[in-house]
Amino acid sequence: MSEQLHLIHDVLDKMVLGRDKHRLGRVDNLVLEIRPDEPPRVVYMEMSGAALLNRLGRIGRAIARWIASHGREATRLPFRVAWDLVRQIEPASVVVDVDAESSRTMAWERWLAAHVVSRLGG
Amino acid sequence: MPAACVARACGATISLATACLVTACGGPPAPSEAAQTVGSWGATAQFVTERWNQSAVSRKFTVVTLRRAGSELEALAKKVAQLPDTANGRATLVAGLREIRAEIAALDTAAVHDDHATAARIAPKLAIAAAQMDTLGQRLQSQQQAQSK
Amino acid sequence: MKRILEVALGLVTSIGGFLEIGSITTAAQGGAAFTFQLGWAVALGTICLALLLEMSGRLAAISKHTIVDAIRERFGFPFSLFPSVIVLVVSFLVMASELGGVALALQFVTGIGIRWWALPIAAVAWLLLWKGTFGMVEQGVSLLGLVTLVFLVGAIKLHPDWGAVAHGLVPTMPSHEPAHYWFIAVSILGASITPYLFIFYSSGAIEDKWDSSYLPINRITAGVGTLFGGALSLMVLVVAGSVLVPRGIQVDSVEQVALLLTHVLGRWGFILVVASLAIGPFGAVAEIALASAYIAAEELGWNWSEDVAPRDAARFSMFYTVLVFLSVLPIVLGLDPLKLTMISMVLTAASLPVSVVPFLLLMNDERYVKEHKNGWIGNTAVALIVLMSCVLAVVSIPLQFMGG
C-alpha cells in the first residue's frame, strides 16, 4: 500500500519552509477545487490572516470581511501556494518550491526590517 | 471537546479572579487584621531604624522604608475611619495607629537629618507600640474565631 | 568534556536564574505569615516545574517542535489561540511586576522613585535582547543571579529548627487565617509554575538544536537544577519565618524583604538581597519578553531566533520590543509592584490548566515524542498539581477578599 497523507494532521497548521529553508508562514487553510463529475482535489495552501480569522467562527469571519472591505488590494488577496509546488512533507514542516525572502507573505517582515529594525541598529 | 471545556472553565475562572481582585481594593478591613497590619508596619519602621543605627542599611533605604510605612498607615487610617464606632477594639486601634504614625513621622525627620541619637530614642517606644498593636490584633482574631464557632 | 561543561552551565543557570520577584516575595510572605508551614507549597511547585521543564526539553529534542508550535499543529489554530493569548496576557502582568521589582531595588539604593526607573530598566533589557544572543539572555543573567545563594547562607546562619522546616514540607491545615493561608499557597504555586518558563525552555532547546543525545543533560538541568533552585526559594521562606515572625512583621512591601538578612549578615546581607531583587527580576523581564515573542512567532509562523540579527526576524524582534516598553506602563501609572506580583501569580495559577493540559496530551502522543512518552507518574503528578492550583485559586480568591 502506498504511503498515505492525512491533510489535517500532516499539512494544516504546519510550518511552511521555502526553497532556501527559510520560514514562509504556516498552512492557515487548505483550498480544494470542486470539479464537475470528478472528485475534489487540493489546489492551494493559504497563508494569511484572513484565513485564520475565518476559522474563528462568526466574529472572526466578520472581522475578516471588514478588513477585506477596507484594506488595500494586497491585504484582500490571501497568499496562496499551489499544491503542485509542495516538494516535501517533513515531520515538522512542509517544504515548497517558493523563494521565501521575496514572497508576498513576507512583505510585513521586509518592511519592518527596512524601515524600523535597521534604524534601531538591528 | 474536553480541551475546549477546560479552556472555557479557565477563562471563567480568570474573569472571576480578576473581578474579585479588582473589587478587593475597597472596604474597611476587620479590626484584628488592621491592628496586625499597624503592628507590622510599626515593627518594620523600628527594625529598619535599628539596622540603620547599626550601619547595616543605608540612610536612603531607611527613608524610603519609613516613607512607605507612613503612606501605608495613612491609607489604612482612612479605611479604619470607616469602621463603625461599635466595632470591637476600634478605639484602641485608632489610638495606637495615631501614636505609631506620629513616631514614624519623627523617625523620618531624624533619618533625613542623619540624626541617629533621636532615632535611637524613638525606636524602643515604637517597638512597644507595635507589639501592643500585634497583641490587640491577635486577641481580636481569637475573639472573632470563638464567636464564629 | 563539552557535555560536562554544558551540564555544569545548565545547573548553574537553573540555580542562579530561579529566584525572581514572584518566588522571592511569595515565599517571604508565606514565611512571615505562617513560619515554615507553607514549605510544602514551595516543594510542590518546584517538583511540578521540574517535571514540566524536563517534558518541554524532551518534546523539543525528540519532535523538533516547541510547545506552542506543537500545540498549533496538533490541535489547530482555533484551539491553540486561546492558551497563547491567556499566557501572553498573564506573562505581561508578570513581566510588569518583575520590572517593578528591579525598579524597587534601584530605589532602595538611590532613593529615586520607581516610576523614574521603569523606562531605563526596560531600555537595558531591550538592549540585551536586541544585541545579545540566546545564551547571553539565558546564562549571562543567571550567572549573576548566583548572588541569590545569599539566602542559603543566611538560612544556615540563622540556625532555624530544621525539624520544623522538614515538617512544613508536608501539607497541613493552618491554625489561623485559613483563607490567607490558601491564598499564599496559590500564589507560591503560581510563582513556581509560570508557563513562560517551560515555553522559553522548549524554544531554547530548539535554538540550541537539541536532539535525543541531549535527553540526559535535559534531565539533569531541568530536574536537578530546578530542585536546587526550589531549595533556594525554600530558604527565602525559612529566613522570613525566622526573622519576621518573632518581630510581628508581615510582608506587605518589598522593603520588608530587603531587611531579611540585615541582622545576620549585616551590610552585606542588605547589599546581596537588594542585588538579588535586581538581578533575578531583570533576567525574568528579558526572558518573559523573549518567551512572549516566541509564542507569537511560533503561533503565527514568523521567522524567529534570538541568535540571528533582529532584521532577520523583524516581526519577532519588534514584538518583544513593543512588549518590553509597554510593560513600563503599569509601574509608571502607579501600580504597586508587590500587589501586581500577587495578582499575576494568582492569575498564573488559575490559568495553568489552559497551557498544561494540551502540553500533557502532546507528551503522550507517539507522533511527537515517539518512544519517549510520559510515564503514569509524571502524568499524574503534573495533572494533580495543576488541577489543585486552579481549584485553590478559584476558591481562595473570593475567600481572601470577601472576608473568609
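All chains use their own residue numbering, which begins from 1 and follows the written sequence. Chain letters start at A and ligand numbers start at 1, both assigned in the order the entries are written. Whole-chain, interface and lining totals are the exception, using all residues; otherwise, since this is a predicted model, local features are given only for residues with pLDDT of at least 70 and side-chain atom pairs are given and counted only at 80 or more. Note: side-chain values were computed over all heavy atoms of the structure, leaving out hydrogens and water.

### Brief notes about the overall build of chain A
The secondary structure content of chain A amounts to five helices and seven strands. Think of it this way: any DSSP run of H or I at least four residues long counts as a helix, any run of E at least two long counts as a strand, and we number them from the N terminus. Listed by position from the N terminus, the elements making up chain A come as α-β-β-β-β-α-α-α-β-β-β-α. Dimensions of chain A, computed from C-alpha atoms along their principal axes, come out at roughly 55 × 35 × 20 Å. Look at the contacts in chain A between residues 6 or more apart in sequence, and 49% of them connect residues 24 or more apart. The contact criterion used throughout is that any non-hydrogen atoms of two residues lie within 4.5 Å.

### Section: the overall build of chain B
The number of helices and strands found in chain B is five helices and zero strands. Going residue by residue from the N terminus, the α and β elements of chain B occur as α-α-α-α-α. Residue burial is assigned from relative accessible area. The probe radius is 1.4 Å, only protein chains are included, and a residue is buried under 20% of its type maximum, exposed over 50%, and partly exposed in between. A total of 149 residues make up chain B; the buried ones form 48% of that total. Using a 1.4 Å probe, accessible areas were evaluated by the Shrake-Rupley method; residue-level cover was limited to the displayed protein chains. Surface summary for chain B: the accessible area is close to 7100 Å², and the carbon and sulfur share equals 56%.

### Some details on helix α11 (residues 195-207) of chain C
In an α-helix, one full turn covers 3.6 residues, which means residues spaced three or four apart are oriented alike. Residues and elements named next belong to chain C. Between the first and last C-alpha of α11 there are 18 Å, a value that for 13 residues agrees with the 18 Å anticipated at 1.5 Å per step. Burial within α11 is extensive, with 11 of its 13 residues counted as buried. Those residues of α11 that sit buried are P195, Y196, F198, I199, F200, Y201, S202, S203, G204, A205 and E207. Positive backbone phi, approximately 55°, marks K209, located one or two places after α11. Here, expected helix span is obtained from the residue count minus one, scaled by 1.5 Å.

### So, the interface of chain A and chain C
By a widespread convention, an interface's size corresponds to the accessible area lost as its parts come together. Every contact between the two is made by 27 residues of chain A and, on the other side, 30 residues of chain C. Throughout, the accessible surface (probe 1.4 Å) given up by two parts as they are put together, summed over both, is called the buried area. Among the residues of chain A in contact with chain C, R23(A), R26(A) and E109(A) are the three that bury the most area, contributing 27% of the side total. Basic side-chain nitrogens of Lys or Arg form a salt bridge, by our definition, when they fall within 4 Å of a carboxyl oxygen of Asp or Glu. The tally of links between chain A and chain C comes to four salt bridges. Between R315(C) and E109(A) there is a salt bridge, with the nearest N and O atoms lying 2.6 Å from each other. Residue assignment for the side of chain A that touches chain C shows that the elements contributing at least two residues are β2 (23-26) and α5 (107-117) of chain A. In terms of residues, the side of chain A that touches chain C owes the most to one element, α5(A), which gives six residues. Taken together, the residues of the side of chain A that touches chain C break down into 15 nonpolar, five polar and seven charged. Asp, Glu, Lys and Arg are counted as charged, while Ala, Val, Leu, Ile, Met, Phe, Trp, Tyr, Cys and Pro are counted as nonpolar; the rest, among them Gly, fall into the polar class.

### Some details on the nonpolar core
Note that soluble globular proteins tend to have their nonpolar side chains buried in a common cluster. Membership of the largest hydrophobic core comes to 182 residues, with the highest contact counts inside it found for L38(C) and L277(C). In contact with L277(C), other than residues within four places in its own chain, are I21(C), I24(C), G101(C), V102(C), A105(C), F108(C), V254(C), V257(C) and A258(C). Working definition of a nonpolar core: buried Ala, Val, Leu, Ile, Met, Phe, Trp, Tyr and Cys residues. They are joined through side-chain atoms within 4.5 Å. V16(A), F79(A), V96(A) and A100(A) belong to the second largest nonpolar core, which has 16 residues in total.

### Re the packing of helix α10 (residues 178-192) of chain C against helix α17 (residues 337-362) of chain C
Pairs of packed helices are described in terms of their axes, by the angle between the two and the distance that separates them. Residues and elements named next belong to chain C. Throughout, an axis means a line fitted to C-alpha atoms (over the contacting stretch in the case of helices), and angles, computed between N-to-C directions, take values from 0 to 180 degrees. Following both chains from N to C, one finds α10 and α17 inclined at 80°, their axes separated by 7 Å at the closest point. Relative to α17, the element α10 is oriented roughly perpendicular. Residues F183, V186, S187, G190 and A191 of α10 touch α17, and the partners they reach there are M342, M345, V346, T348 and A349. When the residues that make up the contact of α10 with α17 are grouped by side-chain class, the tally is seven nonpolar, three polar and no charged. Oblique is the label for every angle not falling under 35 degrees (roughly parallel), over 145 degrees (roughly antiparallel), or within 65 to 115 degrees (roughly perpendicular).

### Considerations on the sheet that holds strand β4 (residues 38-47) of chain A
Residue and element names in this part refer to chain A. Strands qualify as paired when DSSP identifies two bridges or more between them. In spatial order, the strands read β3-β4-β5; together these three strands make up an open sheet with antiparallel pairing. Each edge of the open sheet carries a strand with a single partner, namely β3 (29-35) and β5 (79-82). Averaged over all pairs of adjacent strands, the angle between their axes in this sheet comes to 40°, without regard to strand direction. The pairing of β3 with β4 spans six bridges and is classified as antiparallel. Following the sheet pairing, E33 is matched in β4 by R41.

### Observations concerning the confidence of the model for chain A
In the predicted model, chain A carries a mean pLDDT of 88, and 93% of its residues have values of at least 70. When mean pLDDT is compared element by element in chain A, strand β1 (residues 15-17) of chain A scores highest at 94, while helix α4 (residues 73-76) of chain A scores lowest at 61. Along the chain, pLDDT gives the predictor's confidence residue by residue, from 0 to 100.

### Focus: the pattern of salt bridges
Pairs can form between side chains of opposite charge whenever their charged atoms are close. In the structure shown here, the tally under the stated rule is 21 salt bridges over all chains. Here D69(C) ties to R26(A) by a salt bridge, and the two come within 2.5 Å at their closest N and O atoms. Of this pair, D69(C) sits in helix α4 (residues 67-75) while R26(A) is found in strand β2, placing the two residues in two different chains. By the burial criterion, D69(C) is buried, and R26(A) matches it. Residue D108(B) pairs with R67(B) through a salt bridge whose shortest N-O separation is 3.2 Å. Pair noted here: D108(B) is in helix α4 (residues 90-112) and R67(B) is in helix α3 (residues 59-80), with a separation of 41 residues, a long-range link.

### Points about the packing of aromatic side chains
A pair of Phe, Tyr and Trp rings is counted when the ring centres sit within 6.5 Å of each other, with Trp represented by its six-membered ring. The angle between the planes then sorts it: under 30 degrees is stacked, over 60 is edge-to-face, the rest tilted. The final tally for this structure, using the stated rule, is 19 aromatic pairs over all chains. When the centroid spacing of 5.0 Å and the interplanar angle of 80° are considered together, the rings of F61(B) and F108(C) count as edge-to-face. Note that F61(B) is positioned in helix α3 and F108(C) in helix α5 (residues 77-110), a pairing that runs across two chains. Looking at F61(B), the relative accessible area reads 0%, which means it is buried. A relative accessible area of 0% means that F108(C) is categorised as buried. Linked through ring pairs, W126(C), W130(C), F134(C), F200(C), Y294(C), W304(C), F316(C), Y320(C) and F325(C) together constitute an aromatic cluster. Here the basic side chain of R74(C) rests over the ring of F75(C), its NZ or CZ set 5.1 Å away from the ring centre. Throughout this description, the term charge over a ring refers to an Arg CZ or Lys NZ atom that lies within 6 Å of the ring centre and within 35 degrees of the ring normal.

### Side note on the sheet that holds strand β7 (residues 93-96) of chain A
All names here are of chain A. Here we have four strands laid out as an open sheet, ordered β2-β1-β7-β6, and mixed in their pairing. With partners counted over all chains shown, the strands left at the sheet margins are β2 and β6 (86-89), one partner each. If you compare each strand with its neighbour and ignore which way they point, the axes differ by 25° on average. With three bridges connecting them, β6 and β7 associate as antiparallel partners.

### Observations concerning unusual backbone geometry
At S55(B), a position not held by glycine, the phi torsion is positive, near 65°. Mapped onto the elements, S55(B) comes out in the loop between α2 (31-53) and α3. Even without being glycine, E177(C) reaches a positive phi, approximately 45°. Mapping E177(C) onto the fold places it in the loop between α9 (162-167) and α10.

### Quick look at the arrangement of the chains
Contact analysis covers two pairs of chains in contact, and the most contacts occur between chains B and C. Without any contact between them, chain A and chain B keep their closest C-alpha atoms 13 Å apart.

### Focus on the side chain of S202(C)
Residue and element names in this part refer to chain C. As for its placement among the helices and strands, S202 is situated in helix α11. A polar contact is formed between the side chain of S202 and the backbone nitrogen of I67, at a distance of 3.2 Å. The contacts of S202, once residues within four sequence positions are left out, are S56, A60, T66 and I67. The term polar contact refers here to a pair of N or O atoms within 3.5 Å; inside protein, the definition further demands a hydrogen-donor-capable atom paired with an acceptor-capable atom, and it admits residues adjacent in sequence only when both atoms are side-chain atoms.

### What to know about the environment of A62(A)
As for its position among the elements, A62(A) is in helix α3 (residues 57-70). A sequence separation of 32 residues divides A62(A) from V94(A), and the C-alpha atoms of the two residues are 30 Å apart.

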